[in-house]
Amino acid sequence: MKWNIEWVDLQNMERMVAECWRMNEHQLERYVQRLSKQRELAFAGELGVKFLELLLRSLDQGKMPDWSKLQKDIRLMKDLIQDGQAQHDVYWKSQYQELTADTKAYFGTEFGRAFTEQLAAKLDLNISDEQRMLQNDIGKIQKICQTCNLDDEEKAKKTLLLLTQDEKYYFSSWLGDAFINVLQERYGKKEAEEKSELIIQQETAQGETASFKAKMIWTLLICISVGMICMLLYMQSDGGKGAEKLKELFTGITSGMKSDIDMENKEILKKQTDYMPTQQAASQAEAAQGFTLDVAGAGAKEVEDTAADLPEENDEEPVGRAEGKDAEADAFDPNTAGTGAEIPDILPQYQSFYQDYPDLFGWLSIPGTSINHPVMQSDDKKRGEKYYYLHRDYTGKKSEAGSLFVENASSLFPQDKNTVIYGHNMSNGYHFGMLEKYKDSGFWKEHPVIQYDTIYETGTYQIVAVLVTRILYQEEEGFRYYRFYNYHSKEEFQECADFIEENRLYDTGEHLQYGDQTVMLSTCEYSIPNGRLVVVAKKIG
């Protein structure tokens, strides 16, 4: 299913919402008026028109749209399009059923209904069976006209002949019958009937040929039977020794075949036994080669982000430890033990929760705030759904608020030097909506500490900086915090430290030092396109 036009419109809508966000009512009215006059230039499809109608309706009612919810709806639509860009109609029908069953669980504004209506139109869900059959026949007639040269009388007659033979199977509405009648009136029924008679004669000739072949087969079988009878009479002659000679001959042949098979089986078994060590060595070499290629390809391709709180769906996954990071680099860890350490037991306070929800990665809480939630991690490849917890709660149930979660590439043990935790910026303050308050330094002074535990160890973190940044474009150079999991040299660490200093909103008096273990809380920020609000903290206990 193609969404090219809708994708362009959604890109424009996202930019427009960012522009309208800070406008007053008078400025917005002038902006929408100009947009209405240039509607054909601004929007390419029906979804864009619905967006403009929403803005006009809001102005008529004298109230401003909820820009935050509208921005989230637009990004959700883009996520849905990207997730299903290579899917068939069956997938989209199931998505339509989910979206329409509880639209409010997915969309925060009435603009969500415009997307479901567009999806229904693409799936032809709002037309009758008769209209659907007519559409199918129209497509078939167009195909016939494109592929067959109806100006060529001979080709047209052949097409007519095929259609009259397959009329009920090929067409499903009255339009197909009308099309055939037009061809018959133009090229005449007589020629079609003559062709039909010719085909009947050919089929009759083929039937006679088949009858002749059957007679030949019966004659051959009779000859073979007579030969067998003669052989039986010969075997019974010569004092009854003919049968014994035949039996000896058959026994010799079968014994020789069995001996050959046994020898061949022994050779195969020996080759398999000899090959096993070689095969294992080859597999290890092949795995080592793939290991090197993964490291070399990591981060080679990135595109602009449009997901709600994450890099773009088409971004390359960062290569995590589970997928094979550089072994020598992983061995370097300023503060923790080597990678060969035995995995510890799950902390007692999380054992019961982990048994019910084995995707549990850790737990995040900020004293004095409403943030006190589990942090989840999904094996998206096994589930076949990227960013599984982006629109699901920790139980796996569909939810607009989603969950706090880390990407599949994050390592739990040994723990990465930097862990990025994602969550929705909910307008009601739920999940990471509370992080908006950290833009005010006064709020930071009252809540300077984060408690973040993995399922294996507890951790207390001190907030170092609050950043406003954005996701970079594909060819754009710069530090990508959302791809930063470990640092293996002072240069790599310093790149992160410089990024934090350049983008911090205010001075906390705290700074990172080489060897610090950090956590980054990331959510959407709407003052700039593809903006992100990031709270950075370092472990102190």
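Since this is a predicted model, take the numbers as computed values, not measurements.

## Section: a negative patch on the surface
And then number 1: Together, Glu491, Glu492, Glu495, Asp498 and Glu502 make up a negatively charged patch on the protein surface.
And then number 2: Note on placement: Glu491 falls in helix α18 (residues 490–503).
And then number 3: Of the residues examined, Glu491 reaches a relative accessible area of 60% and is grouped as exposed.

## Here we look at the packing of aromatic side chains
And then number 1: The full count for this structure, using the stated rule, is 25 aromatic pairs.
And then number 2: For the ring pair Tyr438 and Phe443, a centre distance of 4.9 Å and an interplane angle of 85 degrees mean the geometry is edge-to-face. Across the pair, Phe443 and Tyr438 agree in class, each one buried.
And then number 3: Taken together, the ring pairs in this structure connect Phe479, Tyr481, Tyr482, Phe484, Tyr487, Phe493, Phe499 and Tyr514 into an aromatic cluster.

## Concerning the side chain of Asp9
And then number 1: Positionally, Asp9 belongs in helix α1 (residues 4–20).
And then number 2: Look at Asp9: it is buried, it has no salt bridge, and the nearest opposite charge is Arg15 at 9.3 Å.
And then number 3: With near-sequence residues (within four places) excluded, Asp9 lies in contact with Ala42, Phe43, Ala44, Gly45 and Gly48.

## Digging into helix α5 (residues 67–83)
And then number 1: The end-to-end C-alpha separation of α5 is 24 Å, in line with the 24 Å expected for 17 residues at 1.5 Å each.
And then number 2: Of all 17 residues making up α5, 15 are buried, and the element is well covered by its neighbours.

## Side note on the nonpolar core
And then number 1: Counting 62 residues, the largest nonpolar core has Leu364, Ile421, Leu435, Tyr438, Ile450, Tyr452 and Leu521 as the members making the most contacts within it.
And then number 2: Considering every element that reaches this core, the biggest residue donor is strand β6 (residues 460–470), with 7 residues.
And then number 3: Contacts of Ile421, omitting those with residues within four sequence positions, involve Val375, Leu404, Phe405, Val406, Phe432, Tyr452, Val519, Met520, Leu521 and Ser522.
And then number 4: Core analysis: the next-biggest nonpolar cluster, separate from the first, contains 38 residues, Leu10, Cys20, Leu55 and Leu80 among them.

## Regarding the environment of Tyr526
And then number 1: Tracing the sequence through the fold places Tyr526 in the loop between β7 (518–525) and β8 (531–539).
And then number 2: Measuring from C-alpha to C-alpha, the distance between Tyr526 and Ala18 comes to 6.7 Å, with 508 residues separating the pair along the chain.
And then number 3: If near-sequence neighbours (up to four positions away) are discounted, Tyr526 is found in contact with Trp21, Ser68, Gln71, Lys72, Arg75 and Asn425.

## Considerations on the pairing of β7
And then number 1: For β7, the tally of buried residues reaches 8 of 8 residues, placing the bulk of the element in the interior.
And then number 2: Relative to β7, strand β4 (residues 418–422) runs parallel, the two sharing 5 bridges. The partner of Thr419 across the bridge, within β7, is Val519.
And then number 3: Count of turn residues in the β7/β8 antiparallel hairpin: 5 residues, of which Asn530 carries a positive phi of about 55 degrees.

## Looking at the pattern of salt bridges
And then number 1: Under the defined criterion, the tally for this structure stands at 17 salt bridges.
And then number 2: The closest approach of N and O atoms between Arg483 and Glu407, which form a salt bridge, is 3.4 Å. Within this pair, whereas Arg483 is found in the loop between β6 and α18, its partner Glu407 is found in the loop between β3 (404–405) and β4, the two being separated by 76 residues in sequence.
And then number 3: Through salt bridges with shared partners, a single network forms among Glu14, Arg75 and Lys78.

## Section: the packing of α1 against helix α4 (residues 46–60)
And then number 1: Across the interface, α1 lies against α4 with an axial gap of 8 Å and an inter-helix angle of 25 degrees. Overall, the two elements α1 and α4 adopt an arrangement that is roughly parallel. Contacts from Glu6, Asp9, Leu10, Met13, Met16 and Val17 of α1 reach α4 at Leu47, Gly48 and Phe51.
And then number 2: Broken down by class, the residue content of the contact of α1 with α4 amounts to 6 nonpolar, 1 polar and 2 charged.

## Digging into the packing of helix α6 (residues 89–101) against helix α7 (residues 111–122)
And then number 1: At a closest axis distance of 10 Å, the pairing of α6 and α7 adopts a crossing angle of 150 degrees. When the interaxial angle is binned, α6 and α7 end up roughly antiparallel. The handedness of the crossing between α6 and α7 comes out as left-handed. Between α6 and α7, the contacting residues are Trp92, Tyr96, Leu99 and Thr100 on the first element and Phe115, Thr116, Leu119 and Ala120 on the second.

## With respect to unusual backbone geometry
And then number 1: Omega for the bond connecting Phe413 with Pro414 falls within 30 degrees of zero, at -5 degrees, which places this linkage in the cis form.
And then number 2: For Pro414, the position within the fold is in the loop between β3 and β4.
And then number 3: In this structure, Asn530 is a non-glycine residue whose phi angle is positive, near 55 degrees.
And then number 4: Relative to the helices and strands, Asn530 is located in the loop between β7 and β8.

## Here's the deal with helix α2 (residues 25–37)
Side chains three or four residues apart in an α-helix point the same way, a direct result of the helix having 3.6 residues per turn.
And then number 1: The end-to-end C-alpha distance of α2 is 19 Å, a good match for the 18 Å that 13 residues give at a rise of 1.5 Å each.
And then number 2: Buried within α2 are the following residues: Leu28, Tyr31, Val32 and Leu35. Axial view of α2: buried residues confined to an arc of 95 degrees, hence all on one face. For α2, the exposed residues set more than 90 degrees away from the buried face come down to His26 and Lys37.
And then number 3: Looking at the buried positions of α2, the neighbouring elements they touch are α1, α3 (39–42), α4 and α5.
And then number 4: Taking the backbone nitrogen of His26 as reference, a side-chain oxygen 3.2 Å away marks Asn24 as the first, capping residue of α2.

## Observations regarding the pairing of β6
And then number 1: Within β6, 8 of the 11 residues are buried, which leaves it mostly tucked inside the rest of the structure.
And then number 2: The sheet contact formed by strand β5 (residues 449–454) and β6 spans 3 bridges and is antiparallel. Of the residues in β6, the one forming a bridge with Ile450 is Tyr461.
And then number 3: Counting the residues that bridge the hairpin from β5 to β6 gives 5 residues.

About the cut-offs
Residues numbered from 1 in each chain as written. Predicted model: local features only at pLDDT ≥ 70, side-chain atom pairs only at ≥ 80, totals over all residues. Heavy atoms only, no water. Patch = residues over 30% accessible without salt bridge, like charges linked within 9 Å, V, L, I, M, F, W, Y side chains within 5 Å. Areas by Shrake-Rupley, 256 points an atom, 1.4 Å probe, with all protein chains shown as cover. Salt bridge = Lys/Arg side-chain N within 4 Å of Asp/Glu carboxyl O. Lys, Arg positive; Asp, Glu negative; His and termini not counted. Charge placed at Lys NZ, Arg CZ, Asp CG, Glu CD. Helix = DSSP H or I, 4+ residues; strand = E, 2+ residues; numbered from the N terminus. Buried < 20%, exposed > 50% of the residue type's maximum accessible area, 1.4 Å probe, protein only. Phe/Tyr/Trp six-rings, centres within 6.5 Å; stacked < 30°, edge-to-face > 60°. Contact = heavy atoms within 4.5 Å. Expected span 1.5 Å × (residues − 1). Core = buried A, V, L, I, M, F, W, Y, C linked by side-chain atoms within 4.5 Å. Pairing = 2+ DSSP bridges. Axes fitted to C-alpha atoms, helices over the stretch in contact; angles between N-to-C directions. Parallel < 35°, antiparallel > 145°, perpendicular 65-115°, else oblique. Nonpolar A, V, L, I, M, F, W, Y, C, P; charged D, E, K, R; others polar. Left-handed = near helix turned anticlockwise from the far one by under 90°. Arc of directions from axis to C-beta. Polar contact = N/O pair within 3.5 Å; in protein donor to acceptor, adjacent residues only side chain to side chain.

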